[in-house]
Amino acid sequence: MSLVSHETPPPPPEGYSVVTEGKARILQRANEAFYNKAQVVNRDLSLAVIRQFQRARATEHETEKRTPKNRRMKGLMCATPRDSAILPYLLTADEIEDMYKSQLEHERDDAEKAAKEGGGGGGGGDGGTAGGGGEKREGEEDADAPPKQKPPLKPIRVLEGMAASGLRAVRYARELEDLGCVVANDLDPRAIASIARNVEYNAKCSEDAATRMKRIVCASGDVRMLMMQHEKMFDVVDLDPYGTPSTLLDGAVQTAADGALLCVTATDMAVLCGNNGEVCWTKYGAYPHRAKYCHEQAVRILLASIDAAASRYKRHIVPMISVSIDFYVRVFVRIYTSAKECKMAASKVSYVYQCVGCDTFALQPVGKSVTKGESTKFQPGSGPSVPEKCPNCGWHWNVGGPFWSEPTHDMGFVADVKKHVEGNKDMYPGYDKIHGLLTTVEEELPDVPLHYDIHSMSMCLKATPPPMPLLRSAVINAGYRVSSAHSNPLAIKTDAPAEVLWDILRCWIKEHPVKAQPTKTPGCVILSKEPTTAANWTRVAGAFTKAQREKVTRFPRNPEENWGPKQRAGRPEEGRVGRQGHKKRRTG
C-alpha cells in the first residue's frame, strides 16, 4: 500500500511506529492521532483531482481574459486579524497592506498617483502642444499603450481544515508540485502536536523532504473562524470532518478564491440516505428518501447544500467529480463568483416524487428560466410532474428533496484525471480502487439524475431479474440511452421512463412466469397490465460497458475485512463494547 522510496528515514521515537502512505511517513501511537487506512482512496483521489485542477488552472490563466473576482472587505470592514499567523503565507506584503487601508487612504493614494501621472506628461512645448498632449492622454494614449500584463500565476494555497495526524497535509506537501503552502488546522491540541511531530520526522528523511515540509503551516483553532477570517485566500479547501460538513459550508464558500477547488467529505450516511430524514432536513435543507438510489441521493443532497451556501454570497458551484465511496461521499466542486449565475440556483435542484409501492420516481424542478430574445426570466417550476397516484402500481407518492439535479461530474475533467492516474500508477497506493471508481464514473450518463436497481424492481414483481446485458439491450433497442452507476453495481441510469422499464420486465415475465400472489401487491397491479412497449432482446454493442469489454475491474473488493471507518481519536478501546451503532472515526 505504499510507494517505493529510496529514502532512509530515521528510527521512530520510542513507543511509536511508522505508517507509510505515498511519500508521507506518519508516527503512530495507539489511539492518539488516528490513521484510517481505508481513506487512502480519499487521499489518492484528492491528489489526482488537485493535480488536474492545477493543470486546468494554468491553462485558464494563459487563455482567459477574465480575471478572478477576489474582491475582499477592506479597511475597517476587513475581518482578517492583523496578527493572523497564516496571513503572510497567503498574501504578499503589498496585498496585506492594501487590505487594511481605509477608504480615505485609498482615495489619497489614487489622487497622488493621478497627479504624478499628469505631471509626468505635460512638460515642453507651447500651449497648443500641451493641450494636444492632454487630449492624447485622455483618449489616444490608452489605445496606444501596451496591454496590461497579467500577473504571474501563484502557486496554490491549500487549507486542510481538520488535519488530524497531518497525513494528508504531509502528502500534499511532499507529492504536489507548484505548491505555495498547506495550512494544516485542527482544534485538538493533541492533533497539532502530532502534525508538528510528523512534519519534523518527514523533514529528517531527505533534503527535498525538509524543503517541502517548510510549506506546511500549523494552525490551531476552529476551522469555521479561520475560514471566515481569511476571505477568498485559498485555492484549494479540503474539508474532511468526522460526520457532517454542514456547519462548515458557509465558511468554505467564502474562504475559497474565485475558481478555487472545494473538496468536501460527508460520512453521516445514515442521515443522507434517509434513516433520519428530519435530521437531514435540519442539517442540509433536504428531505431524503429511503430508496435504492440513496447513495447517489447523498451526493446530490450535499451538492445542493453547498450551492445553497454559495448562493448566499453571490457565488455558485461547478461539480468536477462527485462520488459515493464505501462509507462516505466525496465531492470536488469549483467555486465561482457570479450574481447572474446565482439566479439559476433554483433550476439546478428538484424535488423527487418516490412511489411507496414500487421503485418509480419522478423529478419536479424547483425553478426554471425562460429566455425570449435577449431577456431571461426566472420562474417557479411547472408541475406537478406526476398524477395523484403512481400510474404503474396505484400507490401514493412521498416527496423528498430538493436534490441537485444537474450533472454531478465534468466528464472531460474525469477523463483527464483517469488518464493521469493510468499513466502514474506508482504515485497512488490505492490505484485499483480509484481506477475502478473513475472508470465507472466515466461511463455514467451525466445528464440522468438518480438510477433504478433492476434487482429491486424484479423483487417487487417476485421475479428473477433478467441478465444485465439483455436488459440493457432491450432499453437501447427501445430507443433510449443506458449506463451503469458508480454507486451501485446492480443499477442502471437511463433516460427511459419508468413505464418502459416495467414493460420490459413484463415481457421478461411472460417468458419466465412467476407464481400468483395471494394478496394484492404493487407487483400484482403492475403485472395485471399489458405492456405497450415490446421488449427486443437482440444483443447490441452497448449491452456491455467499455470497461467490461476491456476486462477492467470496475468494483474491486476491499483489501481486507472491516474495511471502513475507525473509532474517534482519544476514545478508549473498551468504549466500543456494546455500541455497534456508534460512529467510528474520521480520516487523517
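Please read all numbers here as calculations on a predicted model, not as lab measurements. (Residues numbered from 1 in each chain as written. Predicted model: local features only at pLDDT ≥ 70, side-chain atom pairs only at ≥ 80, totals over all residues. Heavy atoms only, no water.)

A. Expanded view of the packing of helix H1 (residues 40-63) against helix H17 (residues 431-443). Look at H1 against H17: their axes get within 9 Å of each other, and the N-to-C directions meet at 65°. In this structure, H1 meets H17 at a crossing whose hand is right-handed. Facing H1, whose interface residues are Val41, Asp44 and Leu45, H17 presents Tyr431, Lys433, Ile434, Leu437 and Leu438. Across the contact of H1 with H17, the residue classes break down as 6 nonpolar, no polar and 2 charged. (Axes fitted to C-alpha atoms, helices over the stretch in contact; angles between N-to-C directions. Helix = DSSP H or I, 4+ residues; strand = E, 2+ residues; numbered from the N terminus. Left-handed = near helix turned anticlockwise from the far one by under 90°. Contact = heavy atoms within 4.5 Å. Nonpolar A, V, L, I, M, F, W, Y, C, P; charged D, E, K, R; others polar.)

B. Seen up close, the sheet that holds strand S15 (residues 452-453). The antiparallel open sheet is built from 3 strands, whose spatial order is S15-S17-S16. A single partner strand is all that each edge strand has here, and the edge strands are S15 and strand S16 (482-485). Pairing geometry for S15 and strand S17 (residues 488-494), over 2 bridges, is antiparallel. In the strand pairing of S17, Tyr452 is matched with Ile492. (Pairing = 2+ DSSP bridges.)

C. Quick peek at the environment of Leu249. Position of Leu249 among the secondary structure elements: in helix H11 (residues 249-255). Overall, Leu249 belongs to the buried group, its relative accessible area being 3%. Measuring from C-alpha to C-alpha, the distance between Leu249 and Ala310 comes to 8.2 Å, with 61 residues separating the pair along the chain. If near-sequence neighbours (up to four positions away) are discounted, Leu249 is found in contact with Val264, Ser305, Ile306 and Ala309. (Buried < 20%, exposed > 50% of the residue type's maximum accessible area, 1.4 Å probe, protein only.)

D. A look at the pairing of strand S6 (residues 234-239). Judged by how many residues are buried, S6 sits mostly within the fold: 6 of 6 residues are covered. Where strand S3 (residues 156-160) meets S6, 3 bridges bridge the pair, whose relative direction is parallel. The residue of S6 that forms the bridge with Val158 is Val236. The pairing of S6 with strand S7 (residues 256-266) spans 5 bridges and is parallel. In the sheet register, Val236 faces S7, and the bridge partner there is Leu261. Traced from S6 through H11 to S7, the parallel crossover comes out right-handed. (Right-handed = clockwise from strand over helix to strand, strands pointing away.)

E. Highlighting the pattern of salt bridges. Taken as a whole and judged by the stated rule, the model has 29 salt bridges. Ionic pairing is found between Glu175 and Arg171, a salt bridge with its closest N-O pair at 2.9 Å. Note that Glu175 and Arg171 are positioned in helix H7 (residues 167-175) at a spacing of 4 residues, about one turn of the helix. For Glu175, a relative accessible area of 7% gives the class buried. Here Arg481 makes a salt bridge to Asp495, at a shortest N to O gap of 3.2 Å. In this pair, Arg481 is assigned in the loop between helix H19 (468-477) and S16 and Asp495 in the loop between S17 and helix H20 (498-511), connecting sequence segments 14 residues apart. Overall, the relative accessible area of 35% leaves Arg481 in the partly exposed class. When its relative accessible area of 34% is taken as the criterion, Asp495 is described as partly exposed. One network of salt bridges, in which partners are shared, links Glu21, Arg43, Asp44, Arg51, Arg171 and Glu175. (Salt bridge = Lys/Arg side-chain N within 4 Å of Asp/Glu carboxyl O.)

F. Region of the structure containing the sheet that holds strand S14 (residues 397-404). In space, the 3 strands of this open sheet follow the order S11-S10-S14, with antiparallel pairing throughout. Looking at which strands have only one partner, the edges of the open sheet turn out to be strand S11 (361-365) and S14. Pairwise comparison of adjacent strand axes, ignoring direction, gives a mean angle of 25° for this sheet. Two strands pair when backbone bridges link them, and strand S10 (residues 349-355) and S14 are joined in this way by 6 bridges, in the antiparallel orientation. When the bridges of S14 are listed, Ser350 appears paired with Phe403. Across the sheet, helix H14 (residues 294-311) lies against S10 and S14, angled at about 55° from S14, the strand it touches most.

G. Here's a closer look at the side chain of Asp238. Structurally, the position occupied by Asp238 is in strand S6. Owing to a relative accessible area of 0%, Asp238 belongs among the buried residues under this scheme. What Asp238 contacts, discounting residues up to four positions off in sequence, is Ser46, Leu159, Glu160, Gly161, Arg168, Tyr172, Cys263 and Arg330.

H. Summary view of the packing of aromatic side chains. On inspection of all chains with the given rule, the structure shows 5 aromatic pairs. Centroid distance Phe361 to Tyr452: 4.5 Å. Interplanar angle 20°. Geometry classified as stacked. Of this pair, Phe361 sits in strand S11 while Tyr452 sits in strand S15, and the two are 91 residues apart along the sequence. For the pair Phe361 and Tyr452, one class covers both residues: buried. (Phe/Tyr/Trp six-rings, centres within 6.5 Å; stacked < 30°, edge-to-face > 60°.)

I. The arrangement of the confidence of the model for the chain in detail. Mean pLDDT over the chain: 87, with 87% of residues reaching 70 or higher. When the elements of the chain are averaged for pLDDT, helix H5 (residues 127-138) gives the smallest value, 42, and S6 the largest, 98. In the model, residues 121-141 has pLDDT below 50 throughout and makes 7 contacts with residues more than four positions away in sequence or in other chains. Low pLDDT (under 50) marks residues 572-588, which in the prediction has 47 contacts with non-local residues, meaning those over four places away or in another chain. (pLDDT = per-residue confidence, 0-100.)

J. Broad picture of unusual backbone geometry. That bond from Gly383 to Pro384 is cis: its omega, 0°, falls within 30 degrees of zero. Cis geometry is found at the peptide bond from Gly401 to Pro402, where omega equals 5°. Within the secondary structure layout, Pro402 lies in strand S14. Of note, the phi angle at Ala164 is positive, near 55°, even though the residue is not glycine. With respect to the secondary-structure elements, Ala164 resides in the loop between S3 and H7. Classification of Ala164 by relative accessible area gives buried; the value is 1%.

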